Structure formats: C-alpha cells, structure tokens
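Listed below, chain by chain, are the residues.
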Amino acid sequence: MDPVTIDTTKIKTVKKKPVTALEKLEDTGLISTVLAAREREGLILFSTVDQIFNWARLSSLWPVTSGLACCAIEMMAVAMAHHDIARFGMEIFRASPRQADLMFVAGTVTKRMAPRVKQLYEMMPEPKWVIAVGSCASTGGPYHESYAVLKGVDLIIPVDVYIPGCPPRPEAWLYGVIQLREKIKNEGYGAKWGLNK
Amino acid sequence: MNPAEELKQKLPAAVVSTGMQLNKPMAVIKKEELLNAAKKVKEMGFDHLSVITGTDYNDHFEVVYNFFSYEKKQNLVLKVITDHDNPEVDSLTSLWKGADWLERETYDLVGIKFTGHPNLIRILLPDGWVGHPLRKDYDMNTEQFVTMGEGGEDVVSTDGGNLLRRK
Amino acid sequence: METDELLINMGPVHPSTHGVLRFKLRMDGEIIKECTPVLGYLHRGTEKLGEMKTYLQFIPYTDRLDYVSAFPNNYVFVKAVEELAGIEVPLRAEYIRVITMELNRIVNHLVSIGSLLMDLGAATMIMWGFRERENALQLFEKLCGARMTFNYIKPGGVREDIPEGFIPQLNEFLKDMEKRIEDYEQLINSNEIFLMRMKNIGVISAQEAVNYGMTGPTLRGSGVDYDLRRYEPYSIYPDLDFKVCSRPEGDSYARYIVRIDEMKESLHILRQVVDTMPEGKIVSNPKYGIAPMTGTPSAVSTYFPRIFTPPAGEVYSRIEAPKGELGFYVVSDGTTKPYRVKIRSPSFCNLTAIPKMVVGLKIPDLIAAFGTIDVVLGDVDR
Amino acid sequence: MIANAYELIVYILTLLGVYEPVLNIFQLLGIEYVLKIIIVLVEIGILFVFVLLTVMFLTWMERKVVAMVQARYGPMVTGPRGLLQPVMDGIKLIGKEDIVPAKADRWVFTLAPFIVFIPALLVFIPLPFGQSLIISDLRVGLLYIIAISAVSPIAILLAGWASNNKYSLMGAMRAVAQDISYTIPLALAAIAVVMFTGSLSTVDIVNAQNGTWFGVIPRWFIFLQPLGFILFLIASIAEMGRIPFDFQESESELVAGFFTEYSGMKFAMFFLAEYAHLFSVSGIIVMLFLGGWALPILPFVPAALVQLVSLGVFLVKTYAVIFFAMWLRDTVPRVRIDQLLNIGWKIMIPLALLNLLVTGFLITAGVF
Amino acid sequence: MAWISKNWAMGGIIKGLIVTLKHVLHIGNRPTVTVQYPYERMKLSPRFRGLHAVDENACIGCGICEVNCPNGTIQIVKYNTKWYPQVHMGMCLFCGICVDVCPMNAMKMTGNYELADYTRESLVYGPDRLLFNKEVKQ
C-alpha cells in the first residue's frame, strides 16, 4: 500500500467557522481537490470524477462497530451528544463490515484477537480506511511488554491515521477524523485500488 | 471465635497450621484433605467463595481460597501448599459453582491442576499456548502468535508469517 | 421431521457483546440449548505486568481493567498496598476518594443502562446517559486531568487536591442528575415493551447467585441484601447514611431497577460527603507521617518516595465496585515490585452465571440478560 | 374533470399550446401511441425522481429527528445543515466495491435487491398525491397495493438464503414471519374502510372522505374507524420493519439481518427500498384514514391552485405520519420476535375481526 | 380483556413519547449540548494531561523520568550538546508519573491533544518538538 504521499506539515486544522463561500467549500472538502486537479495537467475530466468521489467518500465515512477495549467507550462518547460525530455524517455505525468504509481499531489488539481484526478488515469492501486509536492500537502502548498483546495493529493491517492518547479524548479523536478527511481529499480516484500512477 | 481455630478444632487432621493473612484468619490445609475441609467450611456458613488464586514460589505453589460468610460477616482464608513439579489439588466445583472459572483461570495462568474439575481447559489464553505465564520461569522471549483455523478456532504457533504484514 | 441443531458463534466482534466476548450457542430453532462464553480476546496479561512494574508504576494499569469505572480499581489496589505497608491516610483524602468513587458509580450505571437499552434497540437512552456522563467526566478531568484513566489515587492519599470551582460544579451536577434520572424513569421504567423484554428473563435465585459467586447489583437484584460498603466498611463509609438497594425477583428488570436506585443512593452519599468535607492534608508519607503540605501540584512526588518497598506479606483487599466485589490479592516480598498480583474482578465472576441464566431463552433474551449483568471485557479478561 | 396525472400533463401541455401541434405531427406520421408512451415515460420519470429525492430527504430527516431527540445536531458539515449528506452517501455507495461472498448463490444474491426495490416503486402507481395527481386509478387499487407489498418477503427470503450466512437466514426468516403475520390485520383493517366506500379504488376512497360533518369535523375515516386506524398503524409499522418491530435488521442481535452480506450499490437498493416503503406506507395510511389530499378548506381554493394545494396537504399529512414513526423509533425498544408474533396473531387479528364485525353490523343497521 | 388493558394500555409508551417530544421541542431546559469541535472547543481543565513539554533550561537530563515511566515511553537522547527526553506519543499512557517524579520540575504536560498523525514514526516526539521555547507544531 501507500500510493499516496502527503506532506504532513502542509495540513492545517480548520479552526474558525467558515464565512465566505470559498471557505465553506474548503470546509466541506471539495476545494482542495479542485486545486489539486488544476495542478495535475491533462486529467481534467478524470479529476472531476476525483473531486466528486473524494468529496462523497470523505463526507460519508461509515465506521464499523468494533470496539475492542477502553477506547471503545470513548468511541461511544464521540458518537454521543456532546461531540456528535454525526456532524461529519459518520454516525451510521454499521455492524456488518460489508457496509462500512472505516475501521476504528479502538483498543488493545491482543494476539488472540489479531486474526479476527485482520479478517474484519478483509471483509470490508474497497475503498477502506483504518484509524488506529490510542496507544495500544498504535504500538502496543502500555501492554507492549505483555506476552499476549500485539505490538501495534499496523503489523497486520495498513493504518492511515494514528491517534495517540490513552484513550484520546473525543476532540483528539475528531481531530484524527479531520486528518483522515484531509488525506482522502488529496487522494486520487482509485488510489486505494492501486490505479493511481 | 476465630473461624480458622474453629476449623482446626473440627478437623484437626486437615489443618496444618493457623495464622492470619494480614487481618483475615487463615488456615493452611493439607493437600489431600482440602475437599473435606471445604465441605466443613461450607457447613460453617461460608457460602461465598470470593477468590481462588495460585502463586509460584519457585520451590512450591500456594493455592489460596478466600471465603466469606453472608450471615456471620466473617472472612476465612484457606491455603494449600503443593510441590512444584506436579501441582495438583482437588477441585471445589462440586461445592461452589463459582469455583469453575476461577479454577480454570488458575490452571491457565499458573498451571495448577484441579482434579475432579469437569472441564479443565484454558480460559483466557487459547488452547495450545505453551507455558503458564504467571509462573516465574515463563519464557517471555519467545513470541507466540494466534491464527484462525477452521471454524474460527484458534491455532497457536511461534510463526506469525501469515498474520503479519511485514517482518 | 428431522431437525438439526444450529451452532451460532456470537462475537467476538458483535455489536452487543460489549466488546470482544464470544458466545458459542447451541440452538434449537430460536431457543438456546447451551451457551458457552469464550473469553480471553482481551487478555492483556495485566497480572504478569504487575510483577514487572513497581507499585507506583502499576497504578495506571489498574485504571485500564474496568475502564468504565476506573476509580474503584485504582482505589482497591492502593488500599491493598496501604494495608500491606500500614500507611495511614488523611481524612480529606478519604473524602475525595469517596467522591470520585461514587461519581464513578453513577457513570458506570449510566453506561450500563444505556448500553442495555441500546442492545434492546432504543438508542435514545444511551445518548442521554452519555450526555450526563460527559458532565461527570468534566468533573474528573478537572480533578485529575484525565477522563477515563486517572492515575489519581496514590498510596497515602491522592495526587492533587480538589481544584477551585470543583465543589460548585459537583453540586450543579447533583442537582441536574436528579431531574435526569426522573427523565430516564419516565422514558423506560413503565414502557410496556421494555417490561415485556425484561420481566422474568434471566432469572437466578438468591441461593444460586451466591453459589455462583455473583456480587454487586446482580446479586442484590436476586434479593441478597449485601453490600461491602455496609458489611465490611472501608474508607469513610461507616460515617455515611445510605441504604442498600435490593429487589427480590432476580430477573433482568430487578437488576435494572437496582442500578437506578443505586444511582439515587450515590447522589445521596455525594451530597453528604460534600457537606461534611473536612479541610486538611491530602497525602501522608509512610516515613514521616502526614506530610506538612497540601494542594500543590506535585505533592505526591515531593512527599511520597519514588522507590517504595512495603514489608513482605500478602493481603487480599476488596471493595464494593459498581459491578460488584472487586479484590486485589497482592503478595510482597519486600522488594520494589509486587511478587504476585491477582485481580478478583466482579465481571469475571458474574459472567460465570450466564450459561445457567439463558438456557431455554432466545437470543434477544440472552442480550437482555447479558446487558443487565453489566460486563466490561477489560475486567473479565484482564 | 381530470382523472389522473396523464391527463393532467396533457391538460398543461394544451394550456401551453404545445400539445396540439405535437399531436398533429405524430398523427401525420400515424404513430400517436408513441406520444402516449413518451408522456407515460415522462410521468414515470417524474415519479422516479420524486421517490429518489424523497428517500434522500427522508434519510436526512431521520438523522435529524434522531439528533433532535438526543440533544445533538446531526449532519452539519456536508452542505447547508447537512442537506447534501444523503447525496454523498449515495455517490459513495456507487463507488464502493461490490462483494459477492464466495459461497453465495450469485444469481439470486444479485436478483434479490431488485425484487425488493421494484415493488417499492410500483406501490406508488395507485397512490393519489393530489386531486388528480395519480399515475393510474386502478379499480382495485387497494388490492393491488396489498398484493405488491406481499412480494417483498419473497425477496427478503431470497436475499437471506442466498447470502449463505446464518444471521442473514435468521433475519430473513424473522422478516418473513413478521410480514405474513402483519399483512392479515393490515388487510382486515383496510377492508373495514372499503366497506364504507364500497370500492377498492384509491380515488374513491379519498373522495369518500372529502367533505365535513356538521361543517366542522372532516369526514375522515379515522373518526369512524379509530380502532381500525390504530391497528393499521401498528401493522404498517411492522410492515415497514421499523423499531419496535425491526426484525429484518435487528442490529444488536443479528448484526444487520438479511442484508448482512450486501455491500455497495446492492446495499443502497435495500436502503432505498426501505425508505421508499416508509413513504408509501405512510401515504397509504393518510389515504385510508386521514383523508388523503382532502381538506375541508379545499373547495375554497382557486381552481388553478387546487392541484398544488392538494399535493401539499397530502405531503404534510404523510410527513406527519413519518415523523410519528421516527419519533416512536427513538422512544421504544424492540420487541422480541415471539412476542411480536403473539401480538400479531393473538391480539391484532381478533381485534381486526371484531372491528370488521362491528362495522358491518353498523352499516347494515344503517347507522352510517 | 383485563390482560390487554394491563399490558396494552400503552401508558408507559405514551409517557416515553412525551419525554422524547419534550426534547425535540426543547421544552424544559433541555438544550442541544453538542460542542462543534473544529470551531468551538470544550473548556479544558488546566490539569489536563496532553502532550509533554520540557523546560529547556531546567532539564538536566538525569533520566529519572526514563526509569520511572511504566512502559519505557521516554528515552534520553542527545540534542544540541545536552541530553533531553524524547517521548514516543504512540506508546504513552498519559499517566503523569514523569511529571510527578521530575526532580527539577522540568517536565510538564500541556493541554495539546491534537496529536493525530499519518505515520508511526512521526509519533516519536524528539526534543525539537518538546522543548519549551520552541513552537510545538508549525
């Protein structure tokens, strides 16, 4: 994997409420792709498809319901009233991985659970993304010395965004989601299918 | 009256010694007499088996039972000492159903066998895991991986080749 | 006609197993004939890690056992260590500990009831429950700087004193919470569909419950009026006025009602604690007695030694956590690290009774009964 | 008098002065039936677009209503107040990989979503949206509706069976059991209405409700048939498969019910069908019991606007019913499958029969 | 009939419907509580334990934090001719023990929780990103 390289320093967080029409477009996720399309010459039509599909994908990321440990409780908190992940159109937690686009690996991946997490990931249809939430999923975290814990979920499945925290507070979580949206914004259509040059 | 002393009076043959586990009365029981002693303990009104645990002391194992009586509001601790090579004690599942999983867990993590247990298999770790982690001589350096076999059962091996993405 | 048994694997990734529990079900049509829980998908080896960490380093790990109610976990390990080393705790610290633990009981029951209702198909209750939980978590964050994993209670006291503005915010929370519990009762308690789903489901008699080693609200729902806060008092509970809630029926509905009542009782306790809170020190030093300093950020680091060696010995210490009897069995050999840590977790022991409770019921009933047992997998598998 | 949407289109075209010349051209060529077909296709196209837009709006509305009950906002970022959210969901689902499980029956697996989706559209044919906004006034409209909605259990069963997944199969079996047991009280409650009108035609049913008693109370059947209305409402919520009766997709028990294995566009079709069903069933409730497009003030509306106003009245009533369904969903838990069947067979059907009996008796006695 | 009236009077459901309707219509002090994160934030406690920060002048590189860290998150590395801690955020428990044990009070924990990143390597926060008088993020 890894057809997309992103310069992390260029990505900034949206901090103030969008006022102008251009800012609103940027907030919803369309404008960056437009700019990217202008840069890529000779692919105007293809890029329009890019824009629309990327916009659709980043606006409707449906996570799969797979809480593993402590972070799962914060995952519930993210979906609940105070933080409301529904604002990004992500409140449809699908129990069936077939209908999901995004997997939050929320919690410790033990060695016994690892093949199942991997299977869950493989059951998801392309294009799909993974966010490793919390120290345990990123590197094994507190339990990385333990005999029963996998040292990071990226050993078994590709991870797009890591969110440190133990567990990360919901705002940190939403920040991670925004980072993923930025990443999808800059992807080419079919990047996940290996069609990108 | 101290329930440990009471137990010693009733079953002098079973109790090796009495003492205190900090503030709880404790009786050290002979390995062979455990089931008898437990029966007597249950008759004495200790209906709540709080915890079963085993500890590895390098040369011997200790199995500790904590009881509580809902009527008398009393605690009692039973302790059994077994040898290190073949740790085996009687199962208490016939008296307390709650002992079932606690004994399985002790078997799983410490490796003490409970004779008479109806279903003594690993509970927390998958079948086929090598070693009992809470023993002091457990090998922490060899990584063991679990993969999925037919029908969703766990298969343990030291080779995680088909699980890991990269070495 | 020839019929065949249906084998169903529920979990480990299933929306209503509260994490990664797996049920192996042998079904006759829709009726459960045999239910075998398969544990261990979240077994993280905490007990082994306990042997590898010093006493102070192990405290953060206790937070992650029962992550919905971390304060009691924190407290019981510290209590075991304090008993082992004979450390005396200042009164104010005990009051703060009780505040945290009772708040955590409310939080735990909110999550428990919410996820039960979500499993039954009503998503509103969990949203409301988490809304109030968020207010409580803001209190926690104000107090110790984290929302779920606190590392706040330390041997000899607590990490930091109560910050300014904490008590008024707590009072506001208590006032608000009362109204909200009324809301919940109005929404759920007399809902006919809820009653149909909960009454006479997962019945377990008092005798069986005791025999299975069940504790906490699950035991009190079966009519055993037993609470460690009352009968083996610790901390400042002997001075407080509260009643032990229990229901005789032993079904899922009784366990649910016990939880609602306990939340009210916790509010009552909190009001008393806030009213009678003494001034004073928040940490004591095992070597020098009570430390002559309060309220500064690094009180513990200054007055509590980084290297801490309790005398050799063993202790089994237990308290009434929101889910039941939570115990830590700690063996010290006089070094800086525990020789053996054993965690007696309430979820693990309560779960023992599930195969007995659900035989003859249907899958939806399994979910209802399982939801009222209130299991957190971190606590079961450790 | 304009009878249906076809004539309405012809009428509008005539008003615009377009119809006559075009018809002349076609008559010259001797293929005037082609014009008819074109107009019918336009009609169907409008309906299709309308249904799609409605479904999209409904998913948005559902999420917003849930959010309001739960003290939050719901979709906000995509489009103004998140209005573009369903569009984005749709586009995303088109772009998703389409997985057919290895052990599934490919042909049936692919067929099932279409069998669910097409009846969901067909139900709209005899549904009167306004005074003459109806695709076709079938003489047996009500029978047609009940017959068409009986197709969807078959598709659900196909989908559940073809997926080769235990959860899917169980979900499908449950859904079918539920559908069958609730179609009967549904039909029985509807028959009581038919006894008043003496006609199965949907237009006649609405026309019978046009007007008032004593100049105040609208002549809606809900006032004549309160029990019938409640039975029909409960049965149709079960028919729609919504909480408290959402056994097709009981998430906490059966993962996602019969469409557990579906992904991408096929899943979207189930999704569309579900919401189209929600709208059509609400429309049928309105048509049968709440007077359809009829409103006492309708005779005072200027003739030019009457179509529009009647459409508006119908939509407002329908959305009120839909809001009730969403509101109920956010309040109650799900009942158990055997309890559901118990309610259906042991309470609803006897009550529906009783209702029928009393109605028949009263009509024979000449009370009405 | 008695059974029906007892079980199917639906009084409970109607009660529940009233409560939820109150929420929809915002009756009785039940406002929408959502904090719209990227534009507005919750008030953060000053004690919040987020990203570490190290006082460049106070830190003596003694390594007490390294020893006391429960899971070996902290490493002492050489930076600008002095020794400073380097924290692996992807492994950190955010327990605050390193702050407690620091003999010079050089270790702090800031309220910065926006740490999400694309690669595992970028989660390692070296002294260049931890030291006080430097900007934490560009």
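Residues numbered from 1 in each chain as written. Chains lettered and ligands numbered in written order. Predicted model: local features only at pLDDT ≥ 70, side-chain atom pairs only at ≥ 80, totals over all residues. Heavy atoms only, no water.

Moving on, we get to the overall build of chain C. Counting its secondary structure elements, chain C contains 16 helices and 10 strands. Whereas a compact globule of 382 residues would reach a radius of gyration of roughly 21 Å, chain C reaches 21 Å, a difference of no more than 12%. Over its C-alpha atoms, taken along the principal directions, chain C stretches across nearly 80 × 45 × 35 Å. Taking all 382 residues of chain C together, 72% fall into the buried category. Pairs at least 24 apart in sequence give 70% of the contacts found in chain C among residues at least 6 apart. For chain C, the computed accessible surface area is about 10100 Å², with 50% contributed by carbon and sulfur atoms. Charge separation in chain C, taken as the distance between the mean sites of 44 positive and 50 negative side-chain charges, equals 4 Å. (Helix = DSSP H or I, 4+ residues; strand = E, 2+ residues; numbered from the N terminus. Rg over C-alpha atoms; globule rule 2.2 N^0.38 Å. Buried < 20%, exposed > 50% of the residue type's maximum accessible area, 1.4 Å probe, protein only. Contact = heavy atoms within 4.5 Å. Areas by Shrake-Rupley, 256 points an atom, 1.4 Å probe, with all protein chains shown as cover. Lys, Arg positive; Asp, Glu negative; His and termini not counted. Charge placed at Lys NZ, Arg CZ, Asp CG, Glu CD.)

When helices and strands are tallied, chain B shows 3 helices and 9 strands. Each helix and strand of chain B, placed in order from N terminus to C terminus, yields the pattern α-β-β-α-β-β-β-β-α-β-β-β. Counting every position in chain B, which comprises 167 residues, the buried fraction comes to 56%. By sequence separation, contacts in chain B at least 24 residues apart represent 45% of the contacts at least 6 residues apart. If you sum the accessible surface of chain B, you get close to 7000 Å²; carbon and sulfur atoms cover 47% of it. Charged side chains of chain B number 20 positive and 26 negative; the gap between the two group centres comes to 5 Å.

What follows concerns the nonpolar core. Counting 213 residues, the largest nonpolar core has A:Val153, B:Tyr65, B:Phe67, C:Leu25, C:Tyr67 and C:Phe328 as the members making the most contacts within it. Of the residues forming this core, the biggest block, 14 residues, is contributed by helix 4 (residues 91-120) of chain C. (Core = buried A, V, L, I, M, F, W, Y, C linked by side-chain atoms within 4.5 Å.)

What follows covers the pairing of strand 3 (residues 31-38) of chain C. Residue and element names in this part refer to chain C. As defined by bridge partners, strand 2 (residues 22-28) adjoins strand 3 across 7 bridges and the pair is classed as antiparallel. Residue pairing across strands places methionine 27 opposite isoleucine 32, the latter belonging to strand 3. In this structure, the hairpin formed by strand 2 and strand 3 is closed by a connection of 2 residues, where glycine 29 is found at a positive phi of approximately 65°. (Pairing = 2+ DSSP bridges.)

On to the sheet that holds strand 1 (residues 63-64) of chain A, then. Residue and element names in this part refer to chain A. What the 4 strands build is an open sheet, ordered 1-2-3-4; its pairing is parallel. With one partner strand each, in any of the chains shown, strand 1 and strand 4 (161-163) form the two edges of the open sheet. Judged from the 5 bridges that link them, strand 2 (residues 102-106) and strand 3 (residues 129-133) form a sheet pairing that is parallel. Residue pairing for strand 3: leucine 102 is matched across the bridge by tryptophan 129.

Note on helix geometry: an α-helix contains 3.6 residues per turn, so any two residues three or four positions apart are oriented the same way. For helix 3 (residues 70-85) of chain C, spanning 16 residues, the distance from its first C-alpha to its last is 23 Å, which sits close to the expected 22 Å at 1.5 Å a residue. Across the 16 residues that make up helix 3 of chain C, a large majority, 14, are buried. (Expected span 1.5 Å × (residues − 1).)

Taken together, the contacts link 38 residues of chain C with 35 residues of chain E. Across the interface of chain C and chain E, roughly 3100 Å² is buried in total on both sides, 49% from carbon and sulfur atoms. Linking chain C with chain E are 0 salt bridges. Counting residues per element, the ones that place at least two in the side of chain C that touches chain E are helix 2 (55-63), helix 5 (124-144), helix 6 (166-189) and helix 7 (192-198) of chain C. The dominant element in the side of chain C that touches chain E, judged by the number of residues it contributes, is helix 5 of chain C, at 9 residues. Here the residues of the side of chain C that touches chain E are counted per class, giving 13 nonpolar, 11 polar and 14 charged. (Buried area = accessible area lost by both parts, 1.4 Å probe. Salt bridge = Lys/Arg side-chain N within 4 Å of Asp/Glu carboxyl O. Nonpolar A, V, L, I, M, F, W, Y, C, P; charged D, E, K, R; others polar.)

This part is about the pattern of salt bridges. Counted according to the given criterion, the structure contains 50 salt bridges over all chains. Of the charged contacts in the structure, one is a salt bridge between A:Glu74 and C:Arg147, with a shortest N-O distance of 2.8 Å. Of the two residues, A:Glu74 sits in helix 4 (residues 70-79) while C:Arg147 sits in the loop between helix 5 and strand 4 (153-154), which places them in two different chains. The closest approach of N and O atoms between C:Arg97 and C:Glu82, which form a salt bridge, is 2.8 Å. A residue pair is termed long-range when its members are at least 10 positions apart, and C:Arg97 in helix 4 and C:Glu82 in helix 3 qualify at 15 residues. The structure contains a network of salt bridges with shared partners spanning C:Glu102, C:Arg105, C:Arg220, C:Asp227, C:Arg229, C:Glu262 and C:Glu320.

Residues and elements named next belong to chain E. Read from one edge to the other, the open sheet built from 3 strands follows the order 2-3-5, with strand pairing classed as antiparallel. Both edges of this open sheet fall to strand 2 (74-79) and strand 5 (124-125), since each of them pairs with a single strand only. As judged from the 6 bridges shared by strand 2 and strand 3 (residues 82-88), these two strands associate in the antiparallel manner. Considered in strand 3, the bridge of glutamine 75 is made with glutamine 86.

A separate point is the side chain of A:His83. Its location among the elements puts A:His83 in the loop between helix 4 and strand 2. Engagement of the side chain of A:His83 in a polar contact is seen with the side chain of C:Glu134, the distance being 3.1 Å. In contact with A:His83, other than residues within four places in its own chain, are A:Ala77, A:Val78, A:Pro170, A:Glu171, A:Leu174, C:Glu134, C:Arg147, E:Thr34, E:Val35 and E:Met42. (Polar contact = N/O pair within 3.5 Å; in protein donor to acceptor, adjacent residues only side chain to side chain.)

Turning our eyes to something else, we now look at the interface of chain E and chain A. Interfaces are frequently sized by the accessible area removed from exposure as the parts join. Counting residues at the interface gives 30 residues for chain E and 43 residues for chain A. Of the roughly 3200 Å² buried at the junction of chain E and chain A (both faces included), carbon and sulfur atoms supply 59%. Considering only the side of chain E, the residues that lose the most area to chain A are E:Tyr39, E:Tyr118 and E:Arg120, jointly responsible for 27% of the buried surface there. Salt-bridge contacts for E:Arg120 lead to A:Asp154; the nearest nitrogen and oxygen are separated by 2.5 Å. Taken together, the links from chain E to chain A amount to 11 residue pairs in polar contact (both at pLDDT 80 or more). Each residue belonging to the side of chain E that touches chain A can be placed in one class, and the counts come to 19 nonpolar, 6 polar and 5 charged.

Residues and elements named next belong to chain C. The tally for this structure, following the rule as stated, stands at 49 aromatic pairs over all chains. Between tyrosine 234 and tyrosine 237 the ring centres are 5.2 Å apart and the planes differ by 70°, which places this aromatic pair in the edge-to-face class. Given the relative accessible area of 4%, tyrosine 234 is considered buried. Overall, the relative accessible area of 1% leaves tyrosine 237 in the buried class. (Phe/Tyr/Trp six-rings, centres within 6.5 Å; stacked < 30°, edge-to-face > 60°.)

Residues and elements named next belong to chain D. Compared with the 21 Å implied by 1.5 Å per residue over 15 residues, the 21 Å span of helix 11 (residues 226-240) between its first and last C-alpha is a close match. With 12 of its 15 residues buried, helix 11 lies for the most part within the structure. Buried residues along helix 11 sit in contact with helix 6 (141-149), helix 8 (166-197), helix 10 (221-224), helix 13 (264-289), helix 14 (306-329) and helix 15 (337-365). Remark: glycine 241 follows helix 11 within two positions and exhibits a positive phi of approximately 75°.

Regular strands show a simple pattern: their side chains alternate between the two faces of the sheet. All names here are of chain B. The buried count for strand 5 (residues 74-83) comes to 7 of 10 residues, which makes it a mostly enclosed element. Here strand 4 (residues 60-69) pairs with strand 5 via 10 bridges, running antiparallel. Bridge pairing in strand 5 links phenylalanine 61 to threonine 82. The antiparallel hairpin formed by strand 4 and strand 5 contains 4 residues in its connecting segment, where lysine 73 sits at a positive phi of about 55°.

Residues and elements named next belong to chain C. In the predicted model, chain C carries a mean pLDDT of 82, and the fraction of residues at 70 or more is 92%. Per-element averaging of pLDDT across chain C places strand 7 (residues 289-290) at the bottom with 42 and helix 11 (residues 252-275) at the top with 89. Both scores are given for the predicted complex: the pTM is 0.87, the ipTM 0.86. (pLDDT = per-residue confidence, 0-100.)

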